[in-house]
Amino acid sequence: MMTVHEVSRLTGVSVRTLQYYDGINLLKPAKYTEAGYRLYDEDSLERLQQILLFRELEFPLKEIKRILSSPNFDREKVLSQQIELLTLKKEHLEQLISFARQIKDKGETIMEFTAFDNKKIEEYTKRAKEQWGETAAYKEFEKNTEDRSRSDEKAIGDEFMKIFAEIGKIRDSFPESEAAQNLIKKLQSYITEHYYTCTKEILASLGVMYAAGGEFTENIDKVGGEGTAVFTAKAIDFYCSK
């Protein structure tokens, strides 16, 4: 665990900024001491890295909070988007530098403005934000989780993953079996109780995401065994088709 001052020295983010991030529920400490001092763990620092990357891309704090708190947040997908945006930003800066050097070397005005065109960056940024849109599910999720501590979130998340561990135990059976379908119903009910109303439409989308590879698939297979994510997706598909 690190204190707020230690995190500030490590990251260059001021103590006041870290306190502000806590106040707006953007970056909550892992825990507080009895005296009320903030303590941060590795998960906190990883989230701070995500925040700082988005800040480099000039995303407003409200947008960052919405993306990181989105019910369908996918770390790998977000990192890919950040890399793409940073690459576009780098190319744009290189064009501006080259343009400025031409003016300096020629010693005269160049009536050319294409180097200032950043429509490509703006369009990609817009599409990235739209993918993490402020849906009704997100608003419900935000309301249900606004007063939870990090320990509460972890406990709820751990119980959520236990359902996948149960599914993993029967992953060699048929997704249409009664046992599998009962667990999918349990999964849907748990999401509705602790996160947001999980309609069959939303559940079907989650099923696709679970089996699409990346962080979701890895985490599910980690607790349930290899193939659990794909089995879950098949069971969800059958459940939602009824």
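Before reading further, recall that the structure is shown in the block above.
Here the structure is a predicted model, which is why all the values come from computation and not from measurement.

As a further point, take helix H12 (residues 228–241). The end-to-end C-alpha distance of H12 is 20 Å, a good match for the 20 Å that 14 residues give at a rise of 1.5 Å each. Turning to H12, its buried residues number three or more, namely Thr 228, Ala 229, Phe 231, Thr 232, Ala 233, Ala 235, Ile 236 and Tyr 239. Here the buried face of H12 lies against helix H8 (150–169), helix H9 (178–194), helix H10 (200–210) and helix H11 (215–224).

This part takes up the packing of H9 against H12. Relative to each other, H9 and H12 sit at 85°, their axes nearing to 9 Å. One way to sum up the angle between H9 and H12 is to call them roughly perpendicular. Facing Ala 180, Gln 181, Ile 184, Lys 185, Leu 187 and Gln 188 of H9, the residues of H12 in contact are Phe 231, Thr 232, Ala 235, Ile 236, Phe 238 and Tyr 239.

Moving on, we come to the pattern of salt bridges. Pairing is possible between side chains of opposite charge, provided their charged atoms come close. Counted by the stated rule, this structure contains seven salt bridges. With a closest N to O distance of 2.3 Å, Arg 66 and Glu 63 form a salt bridge. Of the two residues, Arg 66 and Glu 63 are both situated in helix H4 (residues 61–68); the distance of three residues between them amounts to about one turn of the helix. Both residues of the pair, Arg 66 and Glu 63, count as buried. Measuring nitrogen to oxygen at the nearest pair gives 2.9 Å for the salt bridge that ties Lys 162 to Glu 159. Of the two residues, Lys 162 and Glu 159 both sit in helix H8, three residues apart, roughly one turn of that helix. For Glu 159, a relative accessible area of 37% translates into the label partly exposed. Several salt bridges share partner residues, and in doing so they unite Asp 22, Lys 28 and Arg 38 into one network.

Here we take up the environment of Val 223. Counting through the fold element by element, Val 223 comes out in helix H11. A relative accessible area of 36% places Val 223 in the partly exposed class. When the C-alpha atoms of Val 223 and Lys 162 are compared, they prove to be 7.5 Å apart, with 61 residues separating the residues in sequence. Filtering out sequence-adjacent residues up to four positions away, Val 223 remains in contact with Met 161, Phe 164 and Ala 165.

The geometry of helix H3 (residues 42–56) relative to helix H5 (residues 75–106) is characterised by a closest axis approach of 10 Å and an angle of 30° between their N-to-C directions. Judged by the angle between their axes, H3 and H5 are roughly parallel. By crossing handedness, the relation of H3 to H5 is classed as left-handed. Note on element contacts: H5 touches H3 through Arg 75, Val 78, Leu 79, Gln 82, Leu 86 and Lys 89, opposite Glu 46, Gln 50, Leu 53, Phe 54 and Glu 56.

Cut-offs used in this document
Residues numbered from 1 in each chain as written. Predicted model: local features only at pLDDT ≥ 70, side-chain atom pairs only at ≥ 80, totals over all residues. Heavy atoms only, no water. Helix = DSSP H or I, 4+ residues; strand = E, 2+ residues; numbered from the N terminus. Expected span 1.5 Å × (residues − 1). Buried < 20%, exposed > 50% of the residue type's maximum accessible area, 1.4 Å probe, protein only. Contact = heavy atoms within 4.5 Å. Axes fitted to C-alpha atoms, helices over the stretch in contact; angles between N-to-C directions. Parallel < 35°, antiparallel > 145°, perpendicular 65-115°, else oblique. Salt bridge = Lys/Arg side-chain N within 4 Å of Asp/Glu carboxyl O. Left-handed = near helix turned anticlockwise from the far one by under 90°.

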